[in-house]
Amino acid sequence: MTIDTRVAAAAQLALDLDAPPVLPILSIAPEWKDQARLWGPALHPMCSYLASFPAALAHAFVGRYSRRGDVVLDPFSGRGTTVLQACAEGRIGVGNDLNPLAHLLTASKVEPATPAEAATRLAALRIGWAASSAEWLTLAAAVLADSGDAPTIPVPAARQGATTPTERVETVPPEVAVAFHPRTLAQLLYVRTALRRDDRVDRFLAAAITGILHGKSASYLSELMPNTFSMAPRYVRDFAARTAFASPDRDVFGGLEKKLARLHREALPRTPGIALLGDARDSAGRTRLALRERGLPERARLVVTSPPYLRVVKYGYYNWLRTWFLGEDARAIDAALDDAHHREPYLVFLREVLADLRTILADDAVVVLVIGDVETDRGRPLKGAVGLAERVWERAAEPEGYRLAGVALDDVAAGRKMTKLWGTEAGQATKTDRILVLGATEAGRRRALAGAGTPIDWDWPPKGLRSI
Ligand SMILES: C[S@@+](CC[C@H](N)C(=O)[O-])C[C@H]1O[C@@H](n2cnc3c(N)ncnc32)[C@H](O)[C@@H]1O
């Protein structure tokens, strides 16, 4: 053996030793891929949210692995997809997330305002605006005149709750000021001091506004950026200066009214759910308490969740205009979330989450983990991302006593052999959703296996759910 072949053999051995385990495939047809883009309850598309999964995916598992009245959990609820779908199907959806934007969206979907409540509040906002618009317009004009790199004009801070001191002031970042027509900016400055996030109806209206804040059509309040995410603030400022960008005059109240009509175009979810704000590592205690306070069953029969991705999404940074509207600090959000881990700390993090979760699961609970995309960079997989689902099983779930039913693949993954990632797809980013299906105990594993073949009804709205 030459030195070269010995080095190659050692490298191969190291690779083999580090190879992820091969998991059994759970045969669940990815029918969610065949559904219309906006399949499901009308509240789902309230606001764009990066890395959310489709409502149809949640339905595929809620329909198979839970019954009416069961508790369905999502410790990383994002914009509330699992939780809303569960509530719409008569389950008790409980969502938790550490991101205040995610909490707002989840809460507004599982405890929504009725059409009458929303219309009444909107009317009150219009009256308030009519009475004070001159002041707000003057303030917005001053902000726009002052929008250099270091703004000085104080404006009232966004209101959070009943106890927020009303005298708190702040300045408007130049990238925010430049995004809006002067009247739109004036209306937003007024509305964000009026809406209380601890009030169910106000929260619903605030969430609806985050959904129309920016996008490339007449339904959005600013056309400066696409709807999916906020572009880098510096880029936005440069772009606006270079193109002499002037946002069209968009009426916040008119835009909100139309958005509310879209959200209310079908009946609201059948059962109310629960939205919690906090770390997934200790969400079980909060969940138990919230269920107990409402006299509801304290054990979950199903978890459908998608943990944060490896180093891909920054929820604060990519939502800075929405966080400004809500009075949240985008940097603080990113510092708190677990979206920036390398593989090893990520696995430790998930193990802690799964350990905590187990304490609140029914014996026959099924746990569905949608493990994020495998990204390739110029044909080379993102470090640590290949085989992540397998690693999560091996290093986070199995040591905590979960039982493995298998891994369900979507058709993208099934159609592309992993080896292809290295060759023919060089230069493209590759998406591969891997869905780990676990049992809390052997009873849960058996239920997961037995339910895999259950046919799913894809009619939406289901028969009998009338529009209002
Ligand atoms: C992939 S997203 C979930 C998207 C969700 N399935 C949906 O459809 O909208 C992951 C979520 O984990 C949240 N997150 C990150 N670190 C967290 C932590 N330590 N505790 C709770 N949530 C966290 C992020 O805010 C994000 O909403």
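Residues numbered from 1 in each chain as written. Predicted model: local features only at pLDDT ≥ 70, side-chain atom pairs only at ≥ 80, totals over all residues.

A short note on the sheet that holds strand 6 (residues 300–305)
Short version of the rule: DSSP calls a pair of strands paired once it identifies at least 2 bridges connecting them. A helix here means a DSSP run of H or I that spans at least four residues, while a strand means a run of E at least two residues long, and both kinds are numbered starting from the N terminus. Axis geometry follows a simple rule: fit a line to the C-alpha atoms, using only the stretch in contact for helices, then measure angles between N-to-C directions, giving values from 0 to 180 degrees. Contacts are defined on C-beta atoms placed from the backbone: any two residues whose C-beta positions lie within 7 Å are in contact.
Pairing is mixed in the open sheet, where seven strands are placed in the order 5-2-1-6-7-11-10. This sheet does not close on itself; its edge strands, each paired only once, are strand 5 (274–277) and strand 10 (403–409). Neighbouring strand axes in the sheet, compared pairwise and without regard to direction, differ in orientation by 15 degrees on average. Inspection of the sheet shows strand 6 paired to strand 7 (residues 361–371) by five bridges, in the parallel sense. Its bridge partner lying in strand 7, Ala300 is registered against Leu361. Across the face of the sheet, helix 4 (residues 100–110) comes into contact with strand 2 (92–97) and strand 5 while running at roughly 165 degrees to strand 5. The strands touched by helix 15 (residues 388–397) are strand 7, strand 10 and strand 11 (434–439); relative to strand 11, the strand with the most contacts, the crossing angle is about 25 degrees.

Looking at the pairing of strand 1 (residues 71–74)
To keep things clear, this is the line we draw: Whether a residue is buried, exposed or partly exposed is read from the other C-beta atoms within 10 Å of its own C-beta, which are placed from the backbone; 20 or more gives buried, 12 or fewer gives exposed, and intermediate counts give partly exposed. Classification remark: right-handed applies to a crossover when, strands pointing away from the viewer, the course from the first strand over the helix to the second runs clockwise.
Covered by surrounding structure in strand 1 are Val71 and Leu73 together with Val72 and Asp74, the residues of both alternating faces. As judged from the four bridges shared by strand 1 and strand 2, these two strands associate in the parallel manner. Note that in strand 2 the partner of Leu73 across the bridge is Val94. With respect to chirality, the unit in which strand 1 leads through helix 3 (residues 81–88) into the neighbouring parallel strand 2 is right-handed.

Describing the packing of helix 2 (residues 55–65) against helix 3
The cut-off we apply is this: Every angle not falling under 35 degrees, over 145, or within 65 to 115 is termed oblique; those three ranges are roughly parallel, roughly antiparallel and roughly perpendicular. For a crossing to be left-handed, the near helix must be turned anticlockwise from the far one by less than a right angle; the clockwise case is right-handed. Polar here means any residue outside two lists: the nonpolar Ala, Val, Leu, Ile, Met, Phe, Trp, Tyr, Cys and Pro, and the charged Asp, Glu, Lys and Arg; Gly therefore counts as polar.
It is the contact of helix 2 with helix 3, at a shortest axis distance of 9 Å, that shows an interaxial angle of 55 degrees. Relative to helix 3, the element helix 2 is oriented oblique. Relative to helix 3, helix 2 is oriented so that their crossing is right-handed. Residues Ala55, Ala58, His59 and Val62 of helix 2 lie in contact with helix 3, whose contacting residues are Thr81, Thr82, Gln85 and Ala86. Within the contact of helix 2 with helix 3, the residues separate by chemical class into four nonpolar, four polar and no charged.

Section: the confidence of the model for the chain
Going by this rule: Values of pLDDT, which run from 0 to 100, indicate the predictor's confidence residue by residue.
Within the chain, residue pLDDT values average 89, and 86% of them lie at 70 or more. Segment residues 412–430 is flagged for pLDDT under 50; beyond a separation of four residues in sequence, or across chains, it makes 25 contacts in the model.

Details of the site of the ligand
The following threshold applies: We call a residue near a molecule or strand when its C-beta atom, built from the backbone, sits within 6 Å of it.
Surrounding the ligand, one finds 21 residues, the nearest of these being Ser52, Phe76, Gly78, Thr81 and Asn99. Of the residues contributing to the shell around the ligand, the split by class is 11 nonpolar, five polar and five charged.

Topic: the packing of helix 5 (residues 115–145) against helix 7 (residues 182–194)
It is at 7 Å that the axes of helix 5 and helix 7 come closest, and there the two elements cross at 120 degrees. On the basis of the axis angle, helix 5 is oblique to helix 7. Crossing hand, helix 5 versus helix 7: right-handed. Where helix 5 approaches helix 7, its residues Leu125, Gly128, Trp129, Ser132, Ser133, Trp136, Leu137, Leu139, Ala140, Ala141, Val143 and Leu144 are matched on the opposing element by Pro182, Arg183, Leu185, Ala186, Gln187, Leu189, Tyr190, Val191 and Ala194. Class assignment for the residues of the contact of helix 5 with helix 7 results in 16 nonpolar, four polar and one charged.

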